[in-house]
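Residue strings, one per chain:
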Amino acid sequence: LNIFSSGDQIVCIGGGFGNENSSVHIVRGEITAEAKAISGVVIGSFDGCSNVRLEKEASVSIRCAGNQLVGIGTEKGTLNVLSEGSIRFYGEGDRIVGVGALAGGTGNVCLAGSLVDAEYKGANAIGVGSLIGGVKVTCRSDKMRMYGEGETTCGIGNLDGYGSVKIERGTIQVDLLS
């Protein structure tokens, strides 16, 4: 499945406002998504509740550019992300989040898949976690690589807010140029 979205506010897979019963569940296959927007979310919900699950046989590749974008998660709602699949993320812009929450979002991210590879360049950017808010991150992936460039950048965690990071296993490489 290949998706391209361009506009002022976009959501590629998911919805604008998610309620607690809504979810995105990717069971298998390869998804490639490209987004160019002022603000948006590639997989998840813009606001409300964002429940996203990637199974072991699912592979997601995301490229996005814009003012404020989230690869997987929410811009300002609550999130529960569980990934057992592979995630590749590349983002450029003013405020960029690979997996997590952008502005005041809260919730949980559990990465238990074989690969998470994130590269991001922006004034304020993070690979996994939140820019402003509180996200609990659990890492169980075999291999994680984060590469970030920007004025204020972070690999895994929370830039401005609260939250926690728990690393249970795997190899993690974080390179930041700030």
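Look above for the structure.
Note that the structure is a prediction, hence the values are computed from the model and not measured.

### A look at the environment of Ser45
In step 1: By the element assignment, Ser45 lies in strand 2 (residues 24-74).
In step 2: Assessed through its relative accessible area of 2%, Ser45 is described here as buried.
In step 3: Considered as a pair, Ser45 and Gly163 are 118 residues apart in the sequence and their alpha carbons are 20 Å apart.
In step 4: Residues contacting Ser45, with those up to four places away along its chain left out, are Gly15, Gly16, Gly18, Ser50, Gly73, Thr74 and Glu75.

### Considering the side chain of Ser141
In step 1: Looking at the secondary structure, you find Ser141 in the loop between strand 5 (115-139) and strand 6 (143-149).
In step 2: What makes Ser141 buried here is its relative accessible area of 1%.
In step 3: Setting aside residues no more than four positions away along its own chain, Ser141 makes contact with Leu111, Ala112, Gly113, Val116, Arg169, Gly170 and Thr171.

### Describing the pattern of salt bridges
In step 1: By the definition in use, this model includes 11 salt bridges.
In step 2: Residue Glu119 pairs with Arg145 through a salt bridge whose shortest N-O separation is 3.7 Å. Of this pair, Glu119 sits in strand 5 while Arg145 sits in strand 6; the two residues are 26 residues apart in sequence, bridging distant segments of the chain.
In step 3: Overall, the relative accessible area of 22% leaves Glu119 in the partly exposed class.
In step 4: Here the salt bridges do not stand alone but share partners, grouping Arg88, Asp117, Glu119, Lys121 and Arg145 into one network.

Thresholds applied
- Residues numbered from 1 in each chain as written.
- Predicted model: local features only at pLDDT ≥ 70, side-chain atom pairs only at ≥ 80, totals over all residues.
- Heavy atoms only, no water.
- Helix = DSSP H or I, 4+ residues; strand = E, 2+ residues; numbered from the N terminus.
- Buried < 20%, exposed > 50% of the residue type's maximum accessible area, 1.4 Å probe, protein only.
- Contact = heavy atoms within 4.5 Å.
- Salt bridge = Lys/Arg side-chain N within 4 Å of Asp/Glu carboxyl O.

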